[in-house]
Amino acid sequence: MKRKTLAFMLLFAALTWVLAACGGSGKDSGGGNGSGPENSGASSEASSRETSPGGEVTLNLMHLWPEGSNFAQYKIVSSIVEQFQQENENIKISVEVLDNEQYKDKLKVLSASNSLPDIGFTWAAGFMEPYVKGNEFAPLNDLLEGELKGQFVAGTTEGYTFDGTTYALPVELNIVPVFYNKAIFAEYGLEVPKTYEDLKEIIQTLNNNGVNPVALGGKDAWTASFWYMYFADRLGGDNLMDEAVANEDFTAPELREAAVYAQELVDMNAFLKGFVGLSNEEAKAEFMNENAAMYMMGAWEVPNYTTNPDVPQEFKDKIGFFKFPVMEDGRGNVNNWVGGPGVGLFVSENSKHKEEAKKFVSYFVQKWGEISVSEAGVIPATKVDTNAVSLPQMYIDLLNELNNANKVTLYLDVQMKPVASEEHHNLIQALFSKDITPDEFISRQDAVLKEGK
Amino acid sequence: MNKVMSNKAVIALYVLPSVLLILSIVYLPILFTGYYGFFDWNGVSDMQFTGLGNYKKLLRDQQFWNSAWHSLWFALMSTLSLIAYLLVALLLSGKLSGSNLLRKIYLVPMLLSSVAIAQLWLKVYHPSSGILNTILEFIGVQNTPNWLADPDIVLWAIFVPILWQYAGFYILIYYAALKNIPEAVIEAARIDGANPLVIAWRIKVPLISEVIKVTVVLAVVGSLKYFDLIYIMTGGGPNRASEVMASYMYSKAFKSFDFGYGSSIGFSLLLICLVATWLIRMLTASRDKIQYGG
Amino acid sequence: MIKTRLIMAATSVVFVNRTAPRLGSKIGRGILYIILIAAAIVQLLPLVWLLLFSLKNNQEIFNLPPFALPERFRWENYSNVWSHGKIDTYFVNSVMVTALSVLLTVLLASFATFALTRMNWKWRAPVLGLFMVGYMIPIHSALIPLFILFRNIQLIDNPLSLILSYTAFNLPITIMIMLGFYYALPREIEEAAVMDGCSVHQLFFQIILPMTTSVMVTAAIINMIYNWNEFVFVNTFISSDARKTLTVGVQNFVGQYSMDWGAIGATLMISTIPVLLAYFIMSNRIVEGIAAGSVKG
């Protein structure tokens with residue numbers, strides 16, 4: 001008998017909870033024009049067609065910095081949203097947060113069902129191309145030529161520009177240096193390599209002494225792609241890869257040669273044992289635990305070597321970075337970098353409140369530029385006044401490198417359209433696991449580029 | 001008797017809620033998916049009708065057949081592992097003291113989310129510091145395998161965690177079925193002098209044959225559409241050596257933005273499942289139905 | 001009256017005492033125990049591992065052997081989990097969504113299985129086929145149309161979308177698990193009940209349901225595990241933080257370029273314990289087999 005009573009009480013509680021949830025969503029959507037299937041005010045799917053009687057506008061914002069893992073960014077976004085709402089009393093912003101992978105998936109579901117949030121983040125070039133072609137993103141040229149004129153680092157908005165129209169504004173900028181452990185280098189009398197031959201000698205010396213030369217997690221193929229890209233750049237110079245992707249032609253001899261060099265490093269055991277099956281996280285751990293001497297990764301890692309309180313200072317002091325060395329007879333400048341803008345803000349073309357959304361984007365970009373380096377260790381795509389903020393030396397060095405950069409080549413997987421990009425990951429993995437020859441690598445990458453998808 | 005048991009109103013009352021739910025939540029969407037399969041669609045721009053274009057492409061797509069083969073391999077291996085699960089369940093269902101606790105413990109891995117399971121096995125398989133290779137090095141093996149990076153062994157390396165994770169699930173089903181056999185039936189056989197092996201093979205197994213058939217279907221279909229652990233552990237790599245149909249569909253639809261093609265893979269996966277189930281039913285139907293009463 | 005007939009039906013063969021086990025089998029039994037217990041330990045290790053995992057930081061997780069103790073237990077992982085993100089809200093939501101879906105699924109599946117196996121009607125085979133094919137549909141291929149469907153009936157960001165999806169997608173496997181058991185129920189029971197003037201509803205609720213307790217609990221456990229750990233639907237259909245479930249808690253610690261593994265471990269531990277407890281409580285009910293069920297009913 002008692003058990004039955006308990007069961008009924010549970011059921012009752014559960015039903016009340018469901019009704020409360022439904023009731024809540026009904027209340028929020030009050031005052032809508034009834035044209036569409038909107039519900040909760042907190043919902044990003046509702047595409048903000050609702051305008052409450054008070055003239056209040058609700059904008060939905062989706063971002064990818066969860067509170068737990070990207071607390072600094074999360075906090076900055078929250079405070080910008082907070083300030084913006086205070087300054088614009090009629091605008092309410094509801095925020096949805098998802099982690100990187102889930103964010104990408106949900107963005108696709110939402111766009112496929114015409115329910116993008118008013119404001120969200122996108123990656124550049126190949127990733128956003130379908131959205132641009134499908135008229136999902138609103139042009140932001142008026143912002144770029146208006147209040148944000150001259151704010152961005154030169155060239156950073158190009159990746160978001162199609163036929164002269166810019167559809168998103170970047171908030172991150174990264175380049176990919178080779179981080180190295182100065183203590184390990186000192187122990188074996190090694191110096192920062194100036195040429196590829198130097199690098200090979202370093203790898204040889206480290207291997208002879210039983211030290212892992214390079215931490216690389218090939219399961220996350222984009223990290224191995226960095227290595228391939230540097231070979232291609234140092235061999236073929238500034239525009240080799242950009243042109244290959246733009247012309248859908250991957251047959252330049254330097255691109256093949258780069259693949260040969262990549263496999264040469266694999267043969268030299270430059271990378272961790274079984275690295276093709278390791279994730280970037282696992283590889284990074286080897287570097288952080290001083291089991292590997294070098295780690296090629298985006299500048300987003302810099303907080304781990306400077307400000308992150310969870311990492312011992314002793315370790316931070318040991319870490320430096322160098323530029324990928326030049327190659328004999330190669331045309332690439334040592335000041336060429338792999339890198340580029342990360343995520344950028346877009347405004348949905350179908351948003352009912354485009355003006356308000358743009359206003360927020362402009363506000364966000366400016367505020368973000370002011371505080372993101374000092375508070376989150378994120379290098380913004382807007383110009384940073386290094387004199388105005390106090391920064392760890394490594395940031396200043398990197399920002400200087402950025403200023404002196406001859407050319408920043410955008411990550412190949414971001415440049416390529418989705419189908420080619422996905423195949424690029426597989427081909428890179430196959431190349432580094434020596435499953436395919438450089439010739440096969442080139443011909444298959446070329447074929448998929450030519451599909452034009 | 002027959003009149004009571006064929007009361008149409010009662011049947012409708014009992015079956016319709018489930019049928020309506022599954023039609024609207026499962027079948028309606030999959031019909032749309034089938035429809036998308038006839039289009040070239042990246043999920044954003046306009047859909048372009050291509051007729052059977054995606055399916056033609058699929059037939060020639062080496063990587064799809066490659067992934068289909070891996071899925072079938074998993075299905076076969078999972079079916080074979082049912083034998084082991086059944087043996088354990090038979091042992092546990094006997095008069096073994098403590099078997100109740102053991103049975104409960106066996107299911108524990110299934111309670112963990114795939115994220116946790118994958119992390120654990122990544123630690124087991126780590127090429128330099130993993131449990132497995134540490135042991136192998138300790139006993140003097142020189143070139144320890146790169147479990148998840150070697151295309152020749154990666155399928156096996158993924159199969160072991162799956163075998164381990166699902167052990168409790170099938171043991172639980174078999175155990176519950178075996179416990180449902182009336183004690184009296186087994187006692188009768190025992191009186192006739194049958195030894196435990198004979199009782200198990202000749203009486204218990206035939207009596208739960210319906211349950212076994214169901215588990216074969218569950219194992220085969222479950223494996224054919226299996227996805228999570230593989231995706232977290234290898235992402236289908238290296239070089240698609242552990243790609244299965246569901247992960248291939250996911251990467252086409254969500255990573256390559258090729259929803260039309262992804263839908264045609266999803267629909268083909270459904271067809272392959274149907275054929276497999278039909279084969280299983282054909283293969284198992286010849287056996288006489290043995291049940292008490294019936 | 002019904003009960004006595006039932007017991008007679010179920011125990012239609014005379015019960016006799018077992019003979020004592022032979023000596024030779026004792027050694028075999030010992031070996032058997034060792035193997036079974038070893039297997040049990042292997043199955044329990046992940047829990048121990050997860051506990052240790054949740055008390056380490058990133059460095060220790062990757063640098064130390066999985067079962068090594070950390071330098072000190074990092075309980076701050078747990079406080080970190082509690083302070084970043086709404087784990088208490090997620091928890092309540094998880095419990096509610098899981099409980100309601102499990103109840104609904106097991107109930108609907110019992111109804112359907114009963115009608116499919118014990119009642120006579122023309123469309124039995126096709127309807128059964130409908131459910132079986134339903135099991136074969138991979139969720140990712142139904143995701144986008146399902147999202148559109150829920151948006152059109154205004155169920156996005158509503159827990160009902162989860163409950164309906166979980167129920168619909170788990171009905172097939174639940175029915176399939178139940179099928180074998182229903183087939184194995186002795187016909188005599190129904191005959192006896194109907195002869196006694198039972199209506200179908202009485203037969204179902206008072207006799208069949210109690211007799212199938214073990215399979216209902218089995219199905220409930222399996223449903224519970226599936227629903228508790230599900231995240232694709234949650235991420236897609238639910239957008240506001242107040243309605244998300246525990247699996248989202250894990251994603252909270254997956255960063256753009258890095259992860260907080262210790263906190264992920266702590267979240268996994270927090271989300272595993274309740275389901276573990278529920279499982280151990282529920283699984284006690286499985287042992288009560290056919291005879292016990294019929295006597296109680």
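Residues numbered from 1 in each chain as written. Chains lettered and ligands numbered in written order. Predicted model: local features only at pLDDT ≥ 70, side-chain atom pairs only at ≥ 80, totals over all residues. Heavy atoms only, no water.

What counts is decided by this rule: UniProt positions are given in the numbering used here, feature names are shortened, and annotations may be inferred rather than shown by experiment.
As recorded by an unreviewed UniProt entry, chain B carries the name Sugar abc transport system permease component and is attributed to Thermobacillus xylanilyticus. Regarding chain B, the relevant UniProt record gives this comment under Subcellular location (unreviewed entry): "Cell membrane". The Sequence similarities (unreviewed entry) comment attached to chain B in UniProt states, word for word, "Belongs to the binding-protein-dependent transport system permease family."

Under an unreviewed UniProt entry, the name given to chain A is Xylotriose lipo-binding protein, ABC transporter, solute-binding protein, and the organism recorded is Thermobacillus xylanilyticus.

Considering the overall build of chain B
The following threshold applies: Strands are runs of DSSP state E lasting at least two residues, helices are runs of H or I lasting at least four, and both sets are numbered from the N terminus onward. With a 1.4 Å probe rolled over the protein chains alone, any residue whose accessible area is under 20% of its type maximum counts as buried; one over 50% counts as exposed, and the rest are partly exposed. Every residue pair with non-hydrogen atoms within 4.5 Å of one another is taken to be in contact. Where accessible areas are quoted, they stem from the Shrake-Rupley method and a 1.4 Å probe; at the residue level, only the protein chains shown are allowed to cover.
Along chain B, the regular secondary structure elements total 15 helices and two strands. Seen through its C-alpha atoms, chain B measures out along the principal axes to roughly 70 × 70 × 30 Å. Considering chain B as a whole, with its 294 residues, one finds that 60% of them fall into the buried category. Across chain B, contacts joining residues at least 24 apart in sequence account for 67% of those joining residues at least 6 apart. Summed over its atoms, the accessible surface of chain B is roughly 12000 Å², and 67% of this surface lies on carbon and sulfur atoms.

Concerning the pattern of salt bridges
Rules: Salt bridges are defined by distance alone: a side-chain nitrogen of Lys or Arg within 4 Å of a carboxyl oxygen of Asp or Glu.
Across all of its chains, the model carries 38 salt bridges over all chains by this definition. With a closest N to O distance of 4.0 Å, Lys450(A) and Asp249(A) form a salt bridge. Here Lys450(A) is found in helix α18 (residues 438-451), whereas its partner Asp249(A) is found in the loop between α9 (240-246) and α10 (253-267), with 201 residues between them in sequence. Note that Lys318(A) and Glu290(A) form a salt bridge whose closest N and O atoms lie 3.0 Å from each other. Note that Lys318(A) is positioned in helix α13 (residues 313-318) and Glu290(A) in the loop between α11 (280-288) and β10 (292-296), a separation of 28 residues in sequence. Overall, the relative accessible area of 30% leaves Glu290(A) in the partly exposed class. One network of salt bridges, with partners in common, ties together Glu422(A), Glu423(A), Arg444(A), Arg240(B), Glu243(B) and Lys252(B).

Considering the packing of helix α2 (residues 8-36) of chain B against helix α10 (residues 200-211) of chain C
The condition that has to hold: Axes, fitted as lines to C-alpha atoms, cover a helix only where it is in contact. Angles between the N-to-C directions of the axes lie from 0 to 180 degrees. If an angle is under 35 degrees, it is roughly parallel; if it is over 145, roughly antiparallel; if it lies from 65 to 115, roughly perpendicular; otherwise it is oblique. Each residue gets one label: Ala, Val, Leu, Ile, Met, Phe, Trp, Tyr, Cys and Pro are nonpolar, Asp, Glu, Lys and Arg are charged, and the others, such as Gly, are polar.
The N-to-C vectors of α2(B) and α10(C) enclose an angle of 40 degrees; their axes lie 10 Å apart at closest approach. On the basis of the axis angle, α2(B) is oblique to α10(C). Facing α2(B), whose interface residues are Val10(B), Leu13(B) and Tyr14(B), α10(C) presents Val200(C), His201(C), Phe204(C) and Phe205(C). By residue class, the composition of the contact of α2(B) with α10(C) is six nonpolar, one polar and no charged.

Side note on the sheet that holds β10(A)
All names here are of chain A. Note the following rule: The criterion for strand pairing is that DSSP finds at least two bridges linking the strands in question.
Within the open sheet, the four strands sit side by side as β9-β10-β8-β11. Their pairing is mixed. Two strands close off the open sheet at either side, each with one partner strand: β9 (212-215) and β11 (319-322). Direction aside, neighbouring strands of the sheet carry axes that sit 25 degrees apart on average. The sheet contact formed by β9 and β10 spans three bridges and is parallel. The partner of Val 214 across the bridge, within β10, is Met 294. Here α11 sits on the sheet and contacts β8 (178-181), β9, β10 and β11; the angle it forms with β10, its principal contact strand, is near 135 degrees.

Quick look at the nonpolar core
The test is simple: Here the nonpolar core consists of buried residues drawn from Ala, Val, Leu, Ile, Met, Phe, Trp, Tyr and Cys, with membership extended through side-chain atoms lying within 4.5 Å. An automatic or database domain assignment provides the domain bounds reported here.
Formed by 361 residues in total, the largest nonpolar core has its most connected members in Tyr228(A), Met294(A) and Phe432(A). Counting residues per element, this core draws most heavily on helix α9 (residues 154-179) of chain B, which supplies 19 residues. Mapping this core onto the domain boundaries places at least three of its residues in each of domain 1 (43-172 + 342-376) and domain 2 (175-338 + 392-451) of chain A.

Describing the UniProt feature "transmembrane region" (unreviewed entry) in chain B
Following the UniProt record, one finds the feature "transmembrane region" (unreviewed entry) at residues 12-38, 72-93, 105-122, 153-177, 211-233 and 259-280 of chain B. In residues 153-177 of chain B, helix accounts for 96% and strand for 0%; the two terminal C-alpha atoms are 35 Å from one another.

Some remarks on the side chain of His126(B)
Tracing the sequence through the fold places His126(B) in the loop between α7 (114-125) and α8 (131-138). Residues within four places of His126(B) in sequence aside, it is in contact with Leu278(A), Glu282(A), Glu286(A) and Asn133(B).

Details of the interface of chain C and chain B
For clarity, the cut-off: Accessible surface is computed with a 1.4 Å probe, and the buried area is the amount of it that two parts give up when combined, taken over both parts together. Nitrogen and oxygen atoms within 3.5 Å of one another constitute a polar contact, given that in protein one can donate a hydrogen and the other can accept it, and given that sequence-neighbouring residues count only through two side-chain atoms.
Taken together, the contact pairs 100 residues of chain C with 95 residues of chain B. Carbon and sulfur atoms supply 77% of the area buried between chain C and chain B, which totals about 9200 Å² over both sides. Counting across the interface, chain C meets chain B through zero salt bridges. Counting across the chain C and chain B interface gives 13 residue pairs in polar contact (both at pLDDT 80 or more). Of the residues belonging to the side of chain C that touches chain B, the class tally is 75 nonpolar, 17 polar and eight charged.

Section: the sheet that holds strand β14 (residues 407-410) of chain A
Residue and element names in this part refer to chain A. Taken in spatial order, the three strands make up an open sheet running β7-β12-β14, and their pairing is mixed. Each of the sheet's edge strands pairs with one partner strand only, and the pair in question is β7 (173-175) and β14. Ignoring which end each strand starts from, the neighbouring axes of this sheet average 40 degrees apart. Where β7 lies against strand β12 (residues 336-341), three bridges are found, and the strand directions are antiparallel. Pairing of Leu 173 across the sheet is with Pro 341, part of β12. Running at roughly 130 degrees to β12, helix α8 (residues 221-236) makes contact with β12 and β14 of the sheet.

Brief notes about helix α8 (residues 159-184) of chain C
Residue and element names in this part refer to chain C. This is how it is decided: A helix is expected to span 1.5 Å for every residue after the first.
Between its first and last C-alpha, α8 extends 37 Å over 26 residues, near the 38 Å set by a 1.5 Å rise per residue. With 24 of its 26 residues buried, α8 lies for the most part within the structure. The distance from a side-chain oxygen at the start of α8 to the backbone nitrogen of Leu 160 is 2.9 Å, and the residue carrying that oxygen is Asn 158.

A look at the interface of chain A and chain C
It is common to give the size of an interface as the accessible area lost on bringing the parts into contact. Contacts between the two partners involve 55 residues from chain A and, on the opposite side, 43 residues from chain C. Inspection of the region where chain A meets chain C yields one salt bridge. If you list the elements that add at least two residues to the side of chain A that touches chain C, you get α1 (2-28), α2 (71-87), β2 (91-97), α3 (100-112) and α11 of chain A. Split into classes, the residues belonging to the side of chain A that touches chain C amount to 24 nonpolar, 19 polar and twelve charged.

Here we look at the packing of aromatic side chains
In plain terms, the rule: Two rings from Phe, Tyr or Trp (for Trp, the six-membered ring) form a pair when their centres sit within 6.5 Å of each other. Planes less than 30 degrees apart are called stacked, planes more than 60 degrees apart edge-to-face, and all others tilted. Whether a charge sits over a ring comes down to the Lys NZ or Arg CZ being within 6 Å of the ring centre and within 35 degrees of the ring normal.
Within this structure, the stated rule accounts for 76 aromatic pairs over all chains. Judged by centre distance (6.3 Å) and plane angle (55 degrees), the ring pair of Tyr305(A) and Phe315(A) falls under tilted. Here Tyr305(A) is found in helix α12 (residues 302-305), whereas its partner Phe315(A) is found in helix α13, with ten residues between them in sequence. Both residues of the pair, Tyr305(A) and Phe315(A), belong to the buried class. It is Lys108(A) that lies over the ring of Phe257(B); its NZ or CZ is 4.9 Å from the centre.

So, the pairing of strand β3 (residues 119-122) of chain A
Residue and element names in this part refer to chain A. Burial of β3 is two-sided: the residues Ile 119 and Phe 121 facing one way and the residues Gly 120 and Thr 122 facing the other way are all buried. Bridge analysis of β3 against strand β13 (residues 344-347) gives four bridges, and the strand direction is antiparallel. Its bridge partner lying in β13, Ile 119 is registered against Val 347.

Thoughts on the domain arrangement of chain A
Residue and element names in this part refer to chain A. When cut into domains, chain A gives domain 1 (43-172 + 342-376) and domain 2 (175-338 + 392-451). One C-alpha centre belongs to domain 1, the other to domain 2; they are set 31 Å apart. With eight residues of domain 1 in contact, the opposing surface of domain 2 contributes eight residues. Here domain 1 is connected to domain 2 by one salt bridge. Notably, a salt bridge pairs Glu 129 with Lys 417, separated by 3.5 Å at the nearest N-O pair. Linking domain 1 with domain 2 are two residue pairs in polar contact (both at pLDDT 80 or more). Among the secondary structure elements, those contributing two or more residues to the side of domain 1 that touches domain 2 are α4 (125-133) and α14 (354-376). With five residues, α4 is the single largest residue contributor to the side of domain 1 that touches domain 2. Looking at the side of domain 1 that touches domain 2 residue by residue, the class counts come to six nonpolar, one polar and one charged.

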